[in-house]
Amino acid sequence: MTNNITFTMIKPDAVKSGNIGAILKMINEAGFTIKAMKFTKLSKEKAGEFYAVHKERPFYGELVEFMSSGPIVAAVLEKENAVADFRTLIGATNPEEAAPGTIRALYATNVGENAVHGSDSDENAQIESNFHFAGTELF
Ligand code: IDP
Ligand code: MG
């Protein structure tokens, strides 16, 4: 499996607060290129399916509500070592623990409404990319 793609979403909080442009600028400046992108909205069903791995966690209901509460930007990003480098760029899940200068430190509201998603493995990057994009939508 290649290690050059990751999947991201700019979450509803960051879209609402007008930070799509600032976040995309950070992504590009960090050396990622965009292979696919769309402005879209997840239904509750789709959000539940995307986060099914967290079904048993206490925050699952809240997470599904939040992720279906407004539009998002979904994108596939390309860079060598994409998954790990993107996790470094976004910072820890909880913005209070996120390193200074990371996307979550700058733009997240709290541990739930934390501005961006980033894949956690090459395998999940592929699964998540396929969840949102057809092969013909990747460039
Ligand atoms: P990650 O997004 O940094 O990979 P995960 O543990 O995979 O973090 O959790 C997925 C998403 O679930 C988080 O990005 C966040 O939106 C939400 N979440 C995680 N932990 C909590 C929590 O303790 N309370 C509320 N929401 C949470
Ligand atoms: Mg995760």
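Criteria and thresholds
- Residues numbered from 1 in each chain as written.
- Chains lettered and ligands numbered in written order.
- Predicted model: local features only at pLDDT ≥ 70, side-chain atom pairs only at ≥ 80, totals over all residues.
- Heavy atoms only, no water.
- Buried < 20%, exposed > 50% of the residue type's maximum accessible area, 1.4 Å probe, protein only.
- Helix = DSSP H or I, 4+ residues; strand = E, 2+ residues; numbered from the N terminus.
- Pairing = 2+ DSSP bridges.
- Near = heavy atom within 4 Å.
- Polar contact = N/O pair within 3.5 Å; in protein donor to acceptor, adjacent residues only side chain to side chain.
- Areas by Shrake-Rupley, 256 points an atom, 1.4 Å probe, with all protein chains shown as cover.
- Nonpolar A, V, L, I, M, F, W, Y, C, P; charged D, E, K, R; others polar.
- Core = buried A, V, L, I, M, F, W, Y, C linked by side-chain atoms within 4.5 Å.
- Contact = heavy atoms within 4.5 Å.

1. Some thoughts on the pairing of strand β1 (residues 5-10)
Next up, step 1: With six of its six residues buried, β1 lies for the most part within the structure.
Next up, step 2: One ladder, built from six bridges, connects β1 with strand β3 (residues 72-78); its direction is antiparallel. By the bridge assignment, M9 is partnered in β3 with A74.
Next up, step 3: By the bridge criterion, three bridges tie β1 to strand β4 (residues 116-118) in an arrangement that is antiparallel. Residue pairing across strands places M9 opposite H117, the latter belonging to β4.

2. With respect to the site of ligand 1
Next up, step 1: Contacts to ligand 1 come from K11, H54, F59, E62, L63, R87, T93, R104, V111, G112 and N114.
Next up, step 2: Between ligand 1 and R104 there is a distance of 3.0 Å, counted from an oxygen atom to a side-chain nitrogen or oxygen.
Next up, step 3: In this structure, G112 approaches ligand 1 through a main-chain N or O atom, which is 2.7 Å from an oxygen atom.
Next up, step 4: When ligand 1 is considered free in solution it has 520 Å² of accessible area, and contact with the protein chains removes 80% of it.
Next up, step 5: Among the residues making up the shell around ligand 1, the classes are represented as three nonpolar, four polar and four charged.

3. Observations regarding the nonpolar core
Next up, step 1: Core analysis: the biggest nonpolar cluster contains 19 residues, and F7, M9, Y51 and M67 have the highest contact counts within it.
Next up, step 2: Setting aside chain neighbours within four positions, we find Y51 in contact with M9, K11, Y60, L63, M67 and H117.
Next up, step 3: Among the nonpolar cores identified, the runner-up in size contains 18 residues, and I10, F86, A115 and V116 belong to it.

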